[in-house]
Amino acid sequence: MIITVVGAGTTGSFAAAHLKKHFPEHTIRLLHSDEVGTIGVGESVTPPVKYFMDDLGADEKTWMRDTGSIYKYANCFKNWINDTPTDKQFFAFSYNEPLDKVLAGDPITFPDIKSVRPNHLRATDVWLDLYLQNKVTDYSKTFNPMYTFMHHMKAPFIEEEYLGSENFSYAYHVDAEKLGPWVLDNIAFKSGVEEIKGTIKYTTKHEDPVEDLIKSVVLTDGREFTSDLWIDATGFHRLLIKQLTDKTIGYPHCPANASWVGPMSYVDQDNEMKNYTQSIWQEEGWLFKIGLRNRMGTGLVFSTDYIDEEEALQKFIKIQDGRALKDPRLIKWHPCRVDTPAKGNVVAIGMAAGFVEPMEANALFVTVSTIWQLNFAMQQGMDWDSYNKNVGGAIDDIADFLSVHYTLCPRTENTFWREMRELGRQRKDDERVYEKYMSVKNTIESSSQFLTIFPDYMWLELAASWDVDVSKWKKEIPKDISEDYASYLKDRNWKLNQRAYSCPNYVEWMKNR
């Protein structure tokens, strides 16, 4: 079988390498054009990208060094509660672990974490009980074991000993303009992926009375290529899937539809480069800052319904303060997903399947999750019904989680944020986050199957951090378990604080990594 991936951004590069590794019996082609640019953002990623790169056999130290990438331990939301320097909420990768093993001090494996269900007595349930009794403070300082390393800007290593959990407790900041080409040159092409360079002029279809199928693509230079299966990795262009369907599912509750983006130089790298993503509240939306080894990625995310593009540009230029390495670039989108991203002999992956907005580093999750779902569907005889159900559900869940960042935000300084708050009341989003916290669809087991990027604990973390009334979430907790868990948290965090003093400065450590 001939499988042709169209588009060689990060999504297309990842897909070509993955398909050749897992389906070596097939001919894998990568068709791309130097005339068509890539989006080149999505520089903050989540742990599923680590799993994906590990599966490709990429050596972590090598690819990180070659692409200027650094380690990330959380997403820090700054000033979403109030406009003070201390308002920082670190959304980290601190999963629910089996409570009995936690309290017994037993080793905990990833299968153990995947076994936790909403009807169990979870660590977060006990934390919530302590929180409601004012026995612990905010979530990121007490439940999140990586807090002290971010607060003090330390690398969580003593020599080569990693002090965090081995169970996917970190991710990366990656240079999106370098990572895709690195995967192509070091993995995809070396494994036998065939490269075709050219620009598609038009497509042809099979004369099939039953099913709409793409037969070939004709390039501007006259060359024509056929394929059994087409993988649409053309991002917002949706070059192939739109030939078979134009039906999309929109997300009107997600306000952001544009972003001015651009790289920015460091002035004081030692203080500006962070081991976490910065998501900073703004009057018109929010700002991301993503540190790399030699620069930062920045972007002002906003809604054109509330601020025009030129005004947003001027604000972004002011934020960059003369440090822009390139002219700002405007990216616009319609928050939506394709209703049937797999149809006929075309499968849309990554942003071609759907995109909500950049928040919470979800773009490259959609890339790797759609590639894995494609893998699973191919193993089941091209089971496109499962692909469409799973991909659609995952992107819908992303839309729900991102929207409540806006609709539950307690800041209401202007029309935009007041209307977001009102939208949250209309949609009953305070009830929605509880339903997600209690849903079997938002477990680590579901996350490991690429069905969600936001498992249970993250919905509680947002609710508690955004000052949502979580008193109705309370379960009955035996007193001895509550006391034992409080002692565990106090002892664990004290030990991590002590060990952090012996850890190297994160920036200096990364420079030598």
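In this report, we go over the structure that sits alongside the text. Residue numbers run consecutively from 1 along every chain, following the written order of its sequence. Local features in this predicted model are restricted to residues of pLDDT 70 or higher, and side-chain atom pairs are both shown and tallied only at a pLDDT of 80 or more, whereas totals for entire chains, interfaces and linings draw on every residue. Think of the side-chain values as coming from all heavy atoms in the structure, minus any hydrogens and water.

**With respect to the sheet that holds strand β12 (residues 224-226)**
- Sheet architecture is open: three strands sit in the order β10-β11-β12, paired in antiparallel fashion. On the outer flanks of this sheet lie β10 (200-205) and β12, each paired with one strand and no other. If you compare each strand with its neighbour and ignore which way they point, the axes differ by 25° on average.
- DSSP bridges decide pairing: two strands pair if at least two such bridges lie between them. Helix numbering and strand numbering both begin at the N terminus, where a helix is a DSSP run of H or I of at least 4 residues and a strand a DSSP run of E of at least 2. In this sheet, strand β11 (residues 214-219) lies alongside β10 in antiparallel orientation, the contact comprising five bridges. From the neighbouring strand, K205 faces β11, where its bridge partner is I214. Note on geometry: axes are C-alpha line fits, over the in-contact stretch for helices, and angles between N-to-C directions span 0 to 180 degrees.

**Comments concerning the side chain of T443**
- By secondary structure assignment, the location of T443 is in the loop between α15 (429-437) and α16 (444-448).
- For the purposes of these results, a polar contact is taken to be a pair of N or O atoms within 3.5 Å, where, inside protein, one atom must be able to donate a hydrogen and its partner to accept one; residues adjacent in sequence count only when each atom of the pair is a side-chain atom. Here V440 takes part through its backbone oxygen, which lies 3.3 Å from a polar atom of the side chain of T443.
- Two residues form a contact once any of their heavy atoms are found within 4.5 Å. Leaving out residues up to four positions away in the same chain, T443 has contacts with V116, R117, P118, T452 and P455.

**A few points about the sheet that holds strand β5 (residues 88-92)**
- The seven strands lie next to each other as β5-β4-β16-β17-β18-β15-β19, forming an open sheet whose pairing is mixed. The open sheet has two edge strands with one neighbour each: β5 and β19 (329-332). Between one strand axis and the next, the sheet turns by 20° as a mean value, whatever way the strands run.
- When strand β17 (residues 285-291) meets strand β18 (residues 296-302), the two strands line up antiparallel, connected through seven bridges. The residue of β18 that forms the bridge with I290 is G297.
- Packed onto the sheet, helix α11 (residues 309-320) meets β15 (258-264), β16 (277-282), β17, β18 and β19 and runs at close to 25° relative to β15.

**Quick word on the pairing of strand β2 (residues 27-32)**
- Buried residues are those whose accessible area, probed at 1.4 Å on protein chains only, stays under 20% of the maximum for their type, while exposed residues exceed 50% and partly exposed ones sit between those limits. Summarising burial for β2: five of the six residues are buried, a large majority.
- You can see the chain leave strand β1 (residues 2-6), run along helix α1 (residues 10-22) and come back into β2, and the turn it takes is right-handed.
- As paired strands, β2 and strand β9 (residues 194-197) are joined by four bridges and run parallel to one another. Bridged to L30 within β9 is E195. When the strands point away from the viewer and the path from the first strand over the helix to the second turns clockwise, the crossover is right-handed.

**Thoughts on the nonpolar core**
- The set of buried Ala, Val, Leu, Ile, Met, Phe, Trp, Tyr and Cys residues whose side-chain atoms join them within 4.5 Å is what this entry labels a nonpolar core. Counting residues in each nonpolar core, the largest one holds 158 residues, and the members touching the most others are M53, W127, W466, Y485 and Y506.
- Filtering out sequence-adjacent residues up to four positions away, Y485 remains in contact with L99, V102, L103, A123, V126, W127, L130 and F143.

**Here we look at the layout of surface pockets**
- Approximately 780 Å³ is the volume attributed to the second largest pocket.
- The distinction between a cavity and a pocket rests on a 1 Å grid over the protein atoms alone: a 1.4 Å probe fits inside a cavity but cannot get out, while a pocket stays open yet meets protein on both sides within 12 Å along at least five of seven lines, and a residue with an atom within 4 Å of a point counts as lining. E97, P145, S165, Y488 and R492 are the residues nearest the centre of the second largest pocket, which is lined by 30 residues in total.
- Contributing elements (two or more residues each) for the lining of the second largest pocket: α4 (99-104), β7 (161-162) and α18 (479-500).
- With seven residues, the single largest contributor to the lining of the second largest pocket is α18. Grid points are joined across faces, edges and corners, and a volume is the space filled by probe spheres set on the points.

**Brief notes about the pairing of β17**
- Burial of β17 is extensive: six of the seven residues sit out of reach of the surface.
- The pairing of β16 with β17 spans five bridges and is classified as antiparallel. In the sheet register, Q278 faces β17, and the bridge partner there is K289.
- Following β17, the chain reverses through four residues before pairing antiparallel with β18.

**What to know about empty space enclosed by the protein**
- Per the counting criterion, the structure on display carries one cavity of 30 Å³ or more.
- Surrounding the largest cavity, N96, I113, V116, T443, I444 and D456 form its lining.

**Comments concerning α1**
- Between the first and last C-alpha of α1 there are 18 Å, a value that for 13 residues agrees with the 18 Å anticipated at 1.5 Å per step.
- With eleven of 13 residues buried, α1 is to be regarded as a mostly interior element.
- Those residues of α1 lying buried are T10, T11, G12, S13, F14, A15, A16, A17, H18, L19 and K20.
- Lining the buried residues of α1 we find β1, β2, α2 (47-56), α9 (176-188), β13 (229-232) and α12 (363-379). One less than the number of residues in a helix, times 1.5 Å, gives the span that helix is expected to have.

**Focus: the pattern of salt bridges**
- The salt bridge definition used is simple: a Lys or Arg side-chain nitrogen within 4 Å of an Asp or Glu carboxyl oxygen. By the definition in use, this model includes 35 salt bridges.
- Across the pair K197 and D34 runs a salt bridge whose closest N-O atoms are separated by 3.6 Å. One end of the pair, K197, is in strand β9; the other, D34, is in the loop between β2 and α2, with 163 residues separating them in the sequence.
- Judged by its relative accessible area of 62%, D34 falls in the exposed class.
- For D138, the salt bridge goes to K141, with nearest N and O atoms at 4.0 Å.
- When its relative accessible area of 43% is taken as the criterion, K141 is described as partly exposed.
- A single salt-bridge network, built from bridges that share partners, covers D397, D400, R427, D429, R432 and K436.

**Looking at α18**
- With 22 residues, α18 extends 32 Å from end C-alpha to end C-alpha; this agrees with the ideal 32 Å at 1.5 Å per step.
- Taken as a whole, α18 has its buried residues at S482, Y485, L489, R492, N493, L496 and A500. Looking straight down α18, one finds its buried side chains confined to an arc of 100°; they lie on one side. Away from its buried face, by an angle of more than 90 degrees, α18 presents the exposed residues K479, K490 and W494.
- If you follow the buried residues of α18, they end up packed against α4, α6 (123-132), α7 (139-142) and α8 (147-151). Of all possible arcs, the one meant is that of the directions from the helix axis to the C-beta atoms.

Purely geometric stuff here, so don't read any function into it on its own.
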